[in-house]
Amino acid sequence: MSSDFTLRRARLVAILKDLGYIRSSKVERAMLAVPRELFVPDDVREYAYDDRPLPIGYGQTISAPSIVAHMTELLDPRPGDRVLEIGTGSGYQAAILAEIVGYQGHVWSIERIPELAEFARRNLERTGYIDRVTVIVGDGSLGYKPEAPYDRIMVTAAAPRIPEPLVEQLKPGGRLVAPVGPLPFQVLVVVDKREDGSIEVRRDLEVVFVPLIGEYGWKNEREAILQLSNSGVII
Ligand code: SAM
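Residues numbered from 1 in each chain as written. Predicted model: local features only at pLDDT ≥ 70, side-chain atom pairs only at ≥ 80, totals over all residues. Heavy atoms only, no water.

1. A look at the environment of Ile100
- Inspection of the secondary structure assignment puts Ile100 in helix H4 (residues 92–101).
- For Ile100, a relative accessible area of 8% corresponds to the buried category.
- Sequence separation between Ile100 and Met31 is 69 residues; the distance between their C-alpha atoms is 10.0 Å.
- Sequence-distant contacts of Ile100, defined by excluding residues within four places in its chain, comprise Lys26, Val27, Ala30, Thr72, Pro77, Arg78 and Pro79. (Helix = DSSP H or I, 4+ residues; strand = E, 2+ residues; numbered from the N terminus. Buried < 20%, exposed > 50% of the residue type's maximum accessible area, 1.4 Å probe, protein only. Contact = heavy atoms within 4.5 Å.)

Below you can see the structure in the form of structure tokens.
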């Protein structure tokens with residue numbers, strides 16, 4: 001069974017490479033190394049190597065592999081980096097980041113739903129990434145001051161605007177990647193903090209993410225749902 005998954009993983013990675021979502025050898029190696037089938041609930045394990053988001057409970061999803069690959073390429077994490085992720089979910093993206101930063105680096109990942117933080121911890125434990133990833137329960141829109149500043153910050157939930165505390169907690173020379181904009185459609189935004197502290201913002205692909213709920217995100221689920229209803233888009 002596991003060799004079957006290994007084969008399916010290799011096939012998907014080859015496709016993502018052909019399609020241009022995977023562009024570097026470090027992201028290719030990480031996508032080949034991390035077993036996505038061990039980050040999803042049993043009832044959807046069969047679909048682990050379909051290129052689509054899958055439900056992980058509590059109304060949340062593990063992102064599609066193509067999006068994980070593309071956002072990791074945009075973020076460009078390096079061995080030894082200190083990385084902050086907002087929205088741990090299943091822990092899969094955190095494991096991909098941990099695979100790249102290695103034992104010299106570290107990933108801090110914040111999740112607002114305690115049960116999902118626990119799910120992610122279990123997944124990271126059984127796949128051997130728990131030493132390189134610290135999962136924290138809290139409002140990630142505020143960042144995580146105790147370990148700031150960070151070389152890289154990735155947000156994996158949709159923010160109405162770029163959360164200011166995250167930009168503050170970025171090192172000079174650091175980079176942040178986040179889906180920003182209204183629901184349901186956002187744009188991936190790449191924020192570079194230059195050595196002099198000035199900011200450069202670039203817009204990338206259009207994407208669809210679940211909302212970032214918190215002080216610098218959507219205030220609560222009701223506000224997010226109302227905004228989605230007002231958008232007039234049926235999804
Ligand atoms: N990166 C995840 C993975 O690899 O499975 C997928 C993330 S899922 C698309 C978005 C996650 O963000 C959800 O688990 C949700 O509970 C979480 N979230 C939403 N608002 C948050 C906040 N303010 N702080 C931390 N996590 C938040």
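What follows continues from the structure just given.
2. A word on the pairing of strand E9 (residues 199–207)
- As paired strands, strand E8 (residues 186–193) and E9 are joined by seven bridges and run antiparallel to one another. Bridge pairing in E9 links Val190 to Arg202.
- Counted along the chain from E8 to the antiparallel partner E9, the turn is five residues long, and its residue Gly197 has a positive phi close to 90°. (Pairing = 2+ DSSP bridges.)

3. Here we look at the pattern of salt bridges
- Counted under the stated rule, the structure contains 14 salt bridges.
- In this structure, Glu147 and Arg82 form a salt bridge, with 3.2 Å as the shortest nitrogen-oxygen distance. Taken as a pair, Glu147 in the loop between strand E5 (133–137) and strand E6 (150–155) and Arg82 in strand E3 (residues 82–86) lie far apart in primary sequence, 65 residues in all.
- A salt bridge links Glu118 to Arg121; the shortest N-O distance between them is 2.9 Å. A residue pair is termed a helical-turn pair when its members lie 3 or 4 positions apart in one helix, as Glu118 and Arg121 do in helix H5 (residues 114–126) at three residues.
- Overall, the relative accessible area of 36% leaves Glu118 in the partly exposed class.
- The network of salt bridges with common partners includes Arg78, Asp81, Asp151 and Lys171. (Salt bridge = Lys/Arg side-chain N within 4 Å of Asp/Glu carboxyl O.)

4. Regarding the packing of aromatic side chains
- On inspection of all chains with the given rule, the structure shows three aromatic pairs.
- On the basis of an interplanar angle of 65° and a centroid distance of 5.8 Å, the ring pair of Phe39 and Tyr92 is categorised as edge-to-face. A residue pair is termed long-range when its members are at least 10 positions apart, and Phe39 in the loop between helix H2 (25–33) and strand E1 (54–57) and Tyr92 in helix H4 qualify at 53 residues.
- In this structure, Arg52 packs its charged tip against the face of Tyr47, placed 4.9 Å from the ring centre.
- The lysine or arginine in question, Arg132, covers the ring of Tyr103, its NZ or CZ lying 4.1 Å from the ring centre. (Phe/Tyr/Trp six-rings, centres within 6.5 Å; stacked < 30°, edge-to-face > 60°. Lys NZ or Arg CZ within 6 Å of the ring centre and 35° of its normal.)

5. Points about the site of the ligand
- The full set close to the ligand counts 26 residues, and Ser90, Glu111, Asp139, Gly140 and Ile213 are the nearest of them.
- Ser90 places a side-chain nitrogen or oxygen 2.6 Å from an oxygen atom of the ligand.
- Here a nitrogen atom of the ligand sits 2.7 Å away from a polar atom, N or O, in the main chain of Ile213.
- When isolated, the ligand has an accessible area of 600 Å², and the protein chains bury 99% of it.
- Of all the elements in the fold, those that place two or more residues in the shell around the ligand are strand E2 (60–62), H4 and strand E4 (106–111).
- When residues of the shell around the ligand are assigned to their parent elements, the largest contribution, three residues, is made by E2. (Near = heavy atom within 4 Å. Polar contact = N/O pair within 3.5 Å; in protein donor to acceptor, adjacent residues only side chain to side chain. Areas by Shrake-Rupley, 256 points an atom, 1.4 Å probe, with all protein chains shown as cover.)

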